[in-house]
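Report on the structure
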Amino acid sequence: MTRKTTMIRYILRRLLLAVLTLFVLSVVCYGLFYAIPTDPAAVSCSKQCTPQNLAGARHKLELDIPIQCQYLRFVKGLVTERHYANMTGPKDFIGCPSVGAATPESYNCAAPCLGYSFARDTGVNDLIGPKLPVTVSLTLYAAILWILMGVGAGIVSALKPRSLMDRVVMVLALAGVSLPTFFTGLTIQKFVVDQGYWPIRPDYFSPFSQPWFFLQAMFLPAFVLAIANAAIYARLTRANMLETLNEDYIRTARAKGLRERRVVVKHALRAALTPLVTIAGLDIGALLGGAIITEKVFNIQGLGFLIVDAVNNLDFPVITAVTLLAAAFIVFLNLIVDLLYGVIDPKVRLS
């Protein structure tokens, strides 16, 4: 079997596993949604809700059909257009009524349809759409900062072990890991933003159309997110680099007369980065699901802000959609990480 064939089979296995993981998560999220003893129709109905209004709300939210039909409609809506409150025609073999064409009375949701927010009387796509770019850009900004700070500090510390620089870096890393994100964010908010040392712009600026305003407006939130992760990456980079620099092939490379920079960057750092890539995929994927605390502290209208409001309003479709979206990010990034292993470290082979 050639290496190319092995790689193709490996990618297909990972894709199949990713799809299976998302399927299981969707079933669990949907099951938890209906296990909570709260009627979504009652939440969407007014306080003066009559039995007739409640029945109409249940029909609008498609809560008057079996749960398996609701789940199948949700999954189908991810790939095709979905029409709410328009169940017509005979039932199929599992008891699900057929879906009619779009009507002025029905809510029409384009694919991928993530559901309908009964608390806000609008589609989940319309709620997540404006928030997603904000969280994605903030996460990537923070990831660049913590990788540069953490890996750079770890390398400097590893090249001069037990020196004053090493001790200072490790003390700062320990402090960064120990401080909660909300404490760091509130401290910076009070002593930097409130004192006027760094302006905070309330509006979101695209990094593509207005890069300077984006870098300025998002720096402090991204820095708060980066502090804790940078501390972890510094400690891991230092430990991995110290272990790798004592390997026999590193001593052989030095004995051959290679430049120290080439030995450190091409041989030692490349091998030391493999475990960091793994946790980077998990960290970035988790933040893409919503940096809840940081977005709340700095009043950033991202997915984290949206999920907090959804929890407060018992808006379960939004909670389910954001949860599945975060899971999809993590699964996708884990797939990318697995494929990058062979590129970063030649010793890694596909089994």
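Note that the structure is predicted; figures quoted are calculated from it, not measured. (Residues numbered from 1 in each chain as written. Predicted model: local features only at pLDDT ≥ 70, side-chain atom pairs only at ≥ 80, totals over all residues. Heavy atoms only, no water.)

**Here's the deal with the layout of surface pockets**
In this model, the largest pocket occupies a volume close to 360 Å³. Along the wall of the largest pocket there are 14 residues; nearest its centre are Leu22, Leu78, Leu114, Leu324 and Ala328. Put simply, the parts of the chain that give the lining of the largest pocket at least two residues each are helix H1 (3-35), helix H4 (67-77) and helix H13 (316-344). Broken down by element, the residue count for the lining of the largest pocket peaks at 4 residues, all from H13. Residue composition of the lining of the largest pocket, by class: 12 nonpolar, 2 polar and no charged. (1 Å grid on protein atoms, 1.4 Å probe; cavity = no way out; pocket = protein on both sides within 12 Å on 5 of 7 lines; lining within 4 Å. Points joined across faces, edges and corners; volume = space filled by probe spheres on them. Helix = DSSP H or I, 4+ residues; strand = E, 2+ residues; numbered from the N terminus. Nonpolar A, V, L, I, M, F, W, Y, C, P; charged D, E, K, R; others polar.)

**Digging into the packing of aromatic side chains**
For the coordinates displayed, the defined rule picks out 3 aromatic pairs. Over the aromatic face of Phe305 sits the side chain of Lys296, whose NZ or CZ is 4.0 Å from the ring centroid. (Phe/Tyr/Trp six-rings, centres within 6.5 Å; stacked < 30°, edge-to-face > 60°. Lys NZ or Arg CZ within 6 Å of the ring centre and 35° of its normal.)

**Description of the state of the cysteines**
Within the structure shown, the criterion is met by 1 disulfide. The disulfide bridge from Cys109 ends at Cys113, spanning 2.2 Å between sulfur atoms. Residues Cys109 and Cys113 are joined by a disulfide whose S-S torsion is about 115°; by sign, that bridge is right-handed. Cys113 shares its class with Cys109; the two are buried. (Disulfide = S-S within 2.5 Å. Buried < 20%, exposed > 50% of the residue type's maximum accessible area, 1.4 Å probe, protein only.)

**With respect to the nonpolar core**
Within soluble globular proteins, side chains that are nonpolar tend to cluster in buried spots. Grouped together as the largest cluster of nonpolar side chains are 56 residues, with contacts concentrated most on Ile128, Trp146, Met218, Met241, Phe298 and Val318. Only helix H5 (124-159), helix H7 (181-193), helix H8 (211-245), helix H9 (248-255), helix H10 (260-288), helix H12 (303-312) and H13 provide two or more residues apiece to this core. By residue number, the principal contributor to this core is H5, which donates 13 residues. Apart from residues no more than four positions distant in its own chain, Val318 is found in contact with Ser117, Val124, Leu127, Leu306, Ile307 and Ala310. Core analysis: the next-biggest nonpolar cluster, separate from the first, contains 11 residues, Leu61, Tyr84, Tyr116 and Phe316 among them. (Core = buried A, V, L, I, M, F, W, Y, C linked by side-chain atoms within 4.5 Å. Contact = heavy atoms within 4.5 Å.)

**Looking at the packing of H5 against helix H6 (residues 164-178)**
For any two helices packed against each other, one specifies the inter-axial angle together with the distance between the axes. Between H5 and H6, whose axes approach to 8 Å, the crossing angle comes to 145°. In this structure, H5 meets H6 at a crossing whose hand is left-handed. Between H5 and H6, the contacting residues are Ala153, Val156 and Ser157 on the first element and Met165, Asp166, Val169 and Met170 on the second. The residue inventory of the contact of H5 with H6, partitioned by class, reads 5 nonpolar, 1 polar and 1 charged. (Axes fitted to C-alpha atoms, helices over the stretch in contact; angles between N-to-C directions. Left-handed = near helix turned anticlockwise from the far one by under 90°.)

**Digging into unusual backbone geometry**
Following Ala111, the chain continues to Pro112 via a peptide bond in cis, the omega torsion being -5°. A positive phi angle is found at Arg162, which is not glycine, with a value near 65°. Take Arg162: it is sitting in the loop between H5 and H6. Phi at Asn299 takes a positive value of approximately 55°, unusual for a residue other than glycine. By secondary structure assignment, the location of Asn299 is in the loop between helix H11 (292-297) and H12. Under the relative-accessibility criterion, Asn299 is labelled partly exposed at 48%.

**Points about the environment of Phe316**
Mapped onto the elements, Phe316 comes out in helix H13. The class for Phe316 is buried, based on a relative accessible area of 6%. Taking the C-alpha atoms as reference points, Phe316 and Leu32, 284 residues apart in sequence, are found 9.5 Å from one another.

**Let's talk about the pattern of salt bridges**
Within this structure, the stated rule accounts for 4 salt bridges. The salt bridge partner of Asp248 is Arg251, with a shortest N-O separation of 2.3 Å. Here Asp248 and its partner Arg251 are both found in helix H9, 3 residues apart, which amounts to about one turn of the helix. Notably, a salt bridge pairs Asp309 with Lys296, separated by 3.8 Å at the nearest N-O pair. Pair noted here: Asp309 is in helix H12 and Lys296 is in helix H11, with a separation of 13 residues, a long-range link. Owing to a relative accessible area of 35%, Lys296 belongs among the partly exposed residues under this scheme. The network of salt bridges with shared partners includes Arg120, Lys296 and Asp309. (Salt bridge = Lys/Arg side-chain N within 4 Å of Asp/Glu carboxyl O.)

**A closer look at the packing of H7 against H8**
At their nearest, the axes of H7 and H8 sit 9 Å apart, and the two run at 145° to each other. Of the two possible hands of crossing, H7 and H8 adopt the one that is right-handed. In contact with Thr181, Thr184, Gly185, Ile188, Val192 and Val193 of H7, H8 contributes Leu220, Phe223, Val224 and Ile227. Residues belonging to the contact of H7 with H8 are distributed by class as follows: 7 nonpolar, 3 polar and no charged.

**A few points about the confidence of the model for the protein**
Per-residue confidence for the protein averages 79 on the pLDDT scale, and 86% of its residues sit at or above 70. Ranking the elements of the protein by mean pLDDT puts strand E2 (residues 87-91) last with 60 and H5 first with 89. (pLDDT = per-residue confidence, 0-100.)

**Observations regarding a nonpolar patch on the surface**
On the surface, a nonpolar cluster with roughly 610 Å² of combined accessible area is contributed by Leu17, Leu20, Phe23, Val24, Val27, Val28 and Leu32. Within the secondary structure, Val24 is located in helix H1. (Patch = residues over 30% accessible without salt bridge, like charges linked within 9 Å, V, L, I, M, F, W, Y side chains within 5 Å. Areas by Shrake-Rupley, 256 points an atom, 1.4 Å probe, with all protein chains shown as cover.)

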